[in-house]
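# Results of the structural survey
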Amino acid sequence: MSGPEMNKIAIIDLAARTVETGEVSLDMRRRFLGGRGINSHLLFHAVDERTDPLGPGNVLFFGAGLLTGLPWVGATRSSFSAKSPETGHLGDSAAGGHFGAEVRFAGFDHLILKDRADRPIYLWIHDGKIDFRDAAHLAPLTLMETQNGIKRELGDPRVQVAAIGPAGRRLVRCACIMHTMADAWGRTGMGAVMGSKNVWAIAARGAGTIPLADPAKLQEVTRAHYEQITKSKGFLATSTYGTLVRLNNTRAQGYEGGFNHQRNMTELSGELDADVFLDKYEIAKTACFNCPTHCRHLHEVVLRDGTRKRGGGPEYGGVGGWGSQCGTSDWRTILEAWDYCNEMGLDVLSATAYTAWLMELYEKGVITEADTGGISLRWGDHDAIMGVLRQTVERRGIGALIAEGWMHAAREIGRGAERFFDHVKGLSIECDDVRGHRAQVLGLATSSRGACHLRSRYTLEEFSLPEKVTEKLIGVPIPSDAAAYERKEYACVWTENLCALADALGACKFLSKWLSTGLLGADEFRDAVEAATGIRFTTGELVQVGDRIWNMERLFLVRQGISRKDDAPPPKFYRPWTHGPRAGTRVEPAAFEALLDRYYALRGWDLNGVPTPETLRTLGLEREGARVANRREAESPGDGAADAGKAHAPAHR
Amino acid sequence: MLRLTVNKTLCTGCRFCESVCAFARCGDYSLGNARIRILQAAIDGRRFSVNVCRQCAVCPPLGACPTSALTRDRATGVLRLDPERCPAGCRLCVEACHLGAFHDGGSGLILCDLCGGDPECVKACYTEALFLSVYRLAGRRPAERAGSVSE
């Protein structure tokens, strides 16, 4: 059995500068595993619907996955969770690299950052101890300089750092937390939460011991999974191109998405191709902890002003976002914007979506140079893209609005600006245009943290797999036609549970069945968990953990007032595709609503998207369910019993 | 004679070699037991340092060790560090080694011993940045794969 040594949780009170350590109970592990699972459970209880995301009442959770750092393939990922300043509800983001593993070696699995430090600090986690160190001298530094500076200051090149950049320190709402050159806890503005707590970085280093339940078995399991991954069909593509593999796919199949989702295909030059990047700019490949796939690029580019610059990445989301969505095919512009975001600590996916949105507003005449601080936001213009990013980080011109989030910006701009922003539950959608893939549309709509490709995108839909294959995989034959609606709810739920499971274990989705049928799935996860920790699950029980995490997050959303009306794709998806072999494809409202009904039924939710008491009982979430039900009852108008409990007098008195 | 050879241009910094090395030797898993260590001094560096014993034909620590804890096996040519004879705090070998091959383990210094001829790290290295090559100690002939070695 796993010893308690590997189960430490640190509750860090930043105002009092005290650290309290506790242990994660076996029951908690069985119910939520770790990482995103435990984070979402703790977050639900730590904040409520009135918590100000940037106030001291918000709590920032760090969680390494249950298998993160172990000698297993691709055991890399860890999550930061808090109430999101960008969307106002569930905030959660995962990243790979070496940070999660190093925090575990330093002696902790979970960190809970409470309250707010009175002046900028960074946390130094080593050998089971947590020190508070002054960080004021980091103020002028970019993220690369911050990380290198802390490594030098602590005198150990093996220190791993997660830090916020200038954007996070200035509380830009789409700021991210960064590690190395391009590993980002990007979405939902976790960097702004960290900035609001005056914690500018977390550094970790340790050589602690992690006891393993059955080392020989784990070695065997790891060897088998290693073979499975490296011998899979897609391995060559993923290890050569990384996520850029999707750049060529989406283009060839006609759903690259362009000009802020006004078109599904662009006629930009062929420069925007993964091979061009590899030939001209890539100088090396790097990998996350224990991962054979080495999907990450290291690039070097000569910028327009002649300076030579080195950076990590890019990934597909950024290239498509500034490429087809903002209308440029110039790699130098894309890489400059990408590197700028990474150095400043801006979430690339939000930054690209905001830029494309402003460009459409400019095109439609909703905003002019008077609003933009003098920038002409023409499609594909280098100065426009860089101008928006710089203004956002520096909080001036149009950037002052963007820094407060798109909802604030849309209110300030007025003139119907919000209609042009494509989002789900407040979070921008990615650059690709998936309206022709029904399970993906459903996944986009139901995703818990808002539009997201890493929570609920049924990627396999793009491969038109035969029904026999999907039946074996999912248990239900999924139509191989991407445009079909039938039984797609099963694919969506399967993906959501798998993703929740992967995030809780610290497994990378790029090595999982999320990407390709030959990679790791729940069966493989089960074997690794049992060998490493001694906790026995059947595959069904493990999948149920994913289900539990998903319902836990749903309860958080229900408490925030999110319901069926928010489980919808962006309005643009109801309009037909304009170009390509499948022109005319659109989301049919009636068919989508029926699909959503079936999804709710499969999840065990009512028609308003609220988990039913029976569902919660099966998952052991009655207590949380009751809390949400009480809150909803207390707020529903016209309910006498609830009104009696309210502080203010009813209207008729 | 066998030696571990490193092609740094292929190293991706995944540290799987560290993991399997630490793991192959004891039930409890701690990277402090790894005899190979990868590090990156600056995060924007292009290359990773690979600190592991390469079984050099000329080994300065061999001459520096005052207690003969460090020896070379006559039959296999593999260097061996005897923890029994290695006094704590001496660390002359650490200073003498140009490759940073001596590491602090849980109880004293540790050194790669090629896992008895079939190193786990070489099996785990997917990009083949680590591989075994054969050299002759006496004849001073170039190693068989010297052409592809960066160092």
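Each chain carries its own residue numbering, running from 1 in the written order of its sequence. As they are written, the chains are lettered A onward and the ligands numbered 1 onward, keeping that order. The model is predicted, so local features are restricted to residues of pLDDT at least 70 and side-chain atom pairs to those at 80 or more, both for listing and for counting; the totals for chains, interfaces and linings are taken over all residues.

Moving on, we get to the overall build of chain B. From N to C terminus, chain B includes four helices and eight strands. In sequence order, the secondary structure elements of chain B are arranged as β-α-β-β-α-β-β-α-β-β-α-β. Evaluated residue by residue, chain B yields a buried proportion of 38% over its 151 residues. In this description, a residue-residue contact is defined by the distance between C-beta atoms placed from the backbone, which must lie within 7 Å. Long-range contacts, defined as pairs at least 24 residues apart, comprise 61% of the intrachain contacts of chain B with a sequence gap of at least 6. To qualify as a helix, a DSSP run of H or I must reach at least 4 residues; to qualify as a strand, a run of E must reach at least 2; elements of each kind are numbered from the N terminus. With C-beta atoms placed from the backbone, the exposure class of a residue follows from how many other C-beta atoms lie within 10 Å of its own: 20 or more, buried; 12 or fewer, exposed; in between, partly exposed.

Residues and elements named next belong to chain A. Judged by nonpolar contacts, the single largest core of 245 residues is most densely connected at Tyr122, Leu346 and Leu501. With 12 residues, helix 21 (residues 488–505) is the single largest residue contributor to this core. Setting aside its immediate chain neighbours within four residues, Leu346 contacts Ala167, Val172, Cys174, Ala175, Cys176, Cys341, Ala351, Leu389, Thr392 and Val393. Nonpolar cores are identified as sets of buried Ala, Val, Leu, Ile, Met, Phe, Trp, Tyr and Cys residues joined via C-beta atoms within 7 Å.

Adjacent strands of a sheet pair through backbone hydrogen bonds, lying either parallel or antiparallel. Residues and elements named next belong to chain A. Across the sheet, six strands lie side by side as 8-7-12-9-10-11; this open sheet has mixed pairing. Looking at which strands have only one partner, the edges of the open sheet turn out to be strand 8 (129–134) and strand 11 (183–185). Between one strand axis and the next, the sheet turns through 20 degrees on average, direction left out of account. For two strands to pair, DSSP has to find at least two bridges joining them. Sheet analysis places strand 10 (residues 177–179) next to strand 11, joined by three bridges and oriented antiparallel. Bridge pairing in strand 11 places Met178 opposite Ala184. Helix 4 (residues 143–154) rests against strand 7 (121–126), strand 9 (160–163), strand 10 and strand 12 (199–205) of the sheet, and its axis sits at about 140 degrees to strand 9. Interaxial angles span 0 to 180 degrees and are taken between N-to-C directions of axes, which are lines fitted to C-alpha atoms, for helices over the stretch in contact.

Residue and element names in this part refer to chain A. Along helix 17 (residues 406–413), the positions that sit buried rather than exposed are Trp406, Ala409 and Ala410. Here the buried residues of helix 17 occupy an arc of 100 degrees about the axis, which is enough to place them on one side. For helix 17, the elements touching its buried residues are helix 13 (348–363) and helix 16 (398–402). As used here, the arc is the angular range of directions from the helix axis to the C-beta atoms.

Residue and element names in this part refer to chain A. The domain limits used here are those given by an automatic or database domain assignment. If you check the domain split of chain A, you get domain 1 (4–205), domain 2 (235–428) and domain 3 (438–505 + 537–626). When each unit is reduced to the centre of its C-alpha atoms, the spacing between domain 1 and domain 2 is 26 Å. Residue assignment for the side of domain 1 that touches domain 2 shows that the elements contributing at least two residues are helix 4 and helix 5 (166–169). Among the elements that make up the side of domain 1 that touches domain 2, the one with the highest residue count is helix 5 (three residues). Here the side of domain 1 that touches domain 2 is composed, by residue class, of 18 nonpolar, 16 polar and four charged. Three residue categories are used. Nonpolar comprises Ala, Val, Leu, Ile, Met, Phe, Trp, Tyr, Cys and Pro, charged comprises Asp, Glu, Lys and Arg, and polar comprises the others, including Gly.

Glancing now at the confidence of the model for chain B. Residues and elements named next belong to chain B. Confidence per residue, as judged by the predictor, is encoded in pLDDT with a range of 0 to 100. Looking at chain B as a whole, its pLDDT mean stands at 85, while 88% of the residues score no less than 70. Per-element mean pLDDT across chain B ranges from 87 in helix 1 (residues 16–25) up to 94 in helix 3 (residues 92–96). Every residue in residues 140–151 is under pLDDT 50, and counting partners more than four places away or in other chains gives 14 contacts. Across the interface, the model reports ipTM at 0.86; the global pTM reads 0.92.

All names here are of chain A. A sheet is described by the order of its strands in space; here three strands give the open sequence 13-14-15, paired in antiparallel fashion. Edge positions in the sheet fall to strand 13 (282–286) and strand 15 (308–312), since each of these pairs with one other strand and no more. Each strand of the sheet is rotated relative to its neighbour by a mean of 20 degrees, with strand direction disregarded. Across the face of the sheet, helix 12 (residues 331–344) comes into contact with strand 14 (296–302) and strand 15 while running at roughly 65 degrees to strand 15.

Attention now moves to the environment of Gly55 of chain A. Residues and elements named next belong to chain A. If you trace the backbone, Gly55 turns up in the loop between helix 2 (35–46) and strand 3 (60–64). Taking the number of C-beta atoms within 10 Å as the measure of exposure, Gly55 has 13 and is therefore partly exposed. C-alpha separation for the pair Gly55 and Ser79, spaced 24 residues apart in sequence, amounts to 21 Å.

Let's shift gears to unusual backbone geometry. With the exception of glycine, most residues fall at negative phi, and the peptide bonds are largely trans. Residue and element names in this part refer to chain A. With an omega of 5 degrees, the peptide bond running from Gly313 to Pro314 counts as cis. Examined against the element boundaries, Pro314 turns out to sit in the loop between strand 15 and helix 11 (316–325). Even without a glycine there, the phi angle at Thr188 is positive, about 65 degrees. With respect to the helices and strands, the residue Thr188 is situated in the loop between strand 11 and helix 6 (190–196).

The next thing to look at is the packing of helix 18 (residues 438–446) of chain A against helix 21 of chain A. How two helices pack is summed up by the angle between their axes together with the distance between the axes. All names here are of chain A. Where helix 18 meets helix 21, the closest approach of the two axes is 9 Å, and the angle between their N-to-C directions is 50 degrees. Relative to helix 21, the element helix 18 is oriented oblique. The two elements helix 18 and helix 21 meet at a crossing, and its hand is right-handed. Touching Arg438, Ala439, Leu442, Gly443 and Thr446 of helix 18 are Lys488, Glu489, Ala491, Cys492 and Thr495, all from helix 21. Broken down by class, the residue content of the contact of helix 18 with helix 21 amounts to four nonpolar, three polar and three charged. Note on angle classes: values under 35 degrees are labelled roughly parallel, values over 145 roughly antiparallel, values of 65 to 115 roughly perpendicular, and the remainder oblique. Left-handed describes a crossing in which the near helix is turned anticlockwise from the far one by less than a right angle; the clockwise case is right-handed.

Right, let's talk about helix 12 of chain A for a bit. Helical periodicity: at 3.6 residues per turn, an α-helix aligns residues three or four positions apart in one direction. Residues and elements named next belong to chain A. Any helix carries an expected span of 1.5 Å times its number of residues minus one. Its 14 residues give helix 12 an end-to-end C-alpha distance of 20 Å, which sits within 8% of 20 Å, the value for a rise of 1.5 Å per residue. Within helix 12, 13 of the 14 residues are buried, which leaves the element mostly enclosed by the surrounding structure. Among the residues trailing helix 12, Gly345 stands out with phi positive, at a value near 85 degrees.

With that settled, consider the packing of helix 21 of chain A against helix 22 (residues 522–533) of chain A. Residues and elements named next belong to chain A. In the contact formed by helix 21 and helix 22, the axes pass within 11 Å of each other and the chain directions differ by 25 degrees. The angle between the axes of helix 21 and helix 22 places the two elements in the roughly parallel class. Crossing geometry of helix 21 relative to helix 22 is assigned as left-handed. Counting all contacts with helix 21, which are made through Leu498, Leu501 and Leu505, the residues of helix 22 involved are Ala522, Phe525 and Val529. In terms of residue class, the contact of helix 21 with helix 22 is built from six nonpolar, no polar and no charged.

Turning to the interface of chain A and chain B, a few remarks are in order. Chain A puts 32 residues into the contact, and the matching count from chain B is 23 residues. Going through the elements one at a time, helix 4, helix 7 (215–230) and strand 13 of chain A are the ones with two or more residues in the side of chain A that touches chain B. Considering every element that reaches the side of chain A that touches chain B, the biggest residue donor is strand 13 of chain A, with four residues. By residue class, the composition of the side of chain A that touches chain B is 19 nonpolar, 10 polar and three charged.

Attention shifts here to the pairing of strand 12 of chain A. Residues and elements named next belong to chain A. The element strand 12 is largely enclosed, with a buried count of seven among its seven residues. Here six bridges tie strand 7 to strand 12, and the two strands are oriented parallel to one another. Looking across to strand 12, one finds that His126 is bridged to Arg205. Relative to strand 12, strand 9 runs antiparallel, the two being bridged by four bridges. Each residue of the ladder has a partner; that of Ala162, found in strand 12, is Ile202.

A low pLDDT score tells you not to read the predicted coordinates there in detail. Of the residues in chain A, 96% have a pLDDT of 70 or more, and the chain-wide mean is 91. Low pLDDT (under 50) marks residues 638–653 of chain A, which in the prediction has seven contacts with non-local residues, meaning those over four places away or in another chain.

It is worth spelling out the environment of Leu278 of chain A at this point. All names here are of chain A. In this fold, Leu278 is placed in helix 10 (residues 274–280). In this structure Leu278 comes out as partly exposed when scored by C-beta crowding, with 16 C-beta atoms within 10 Å. C-alpha separation for the pair Leu278 and Ala445, spaced 167 residues apart in sequence, amounts to 34 Å.

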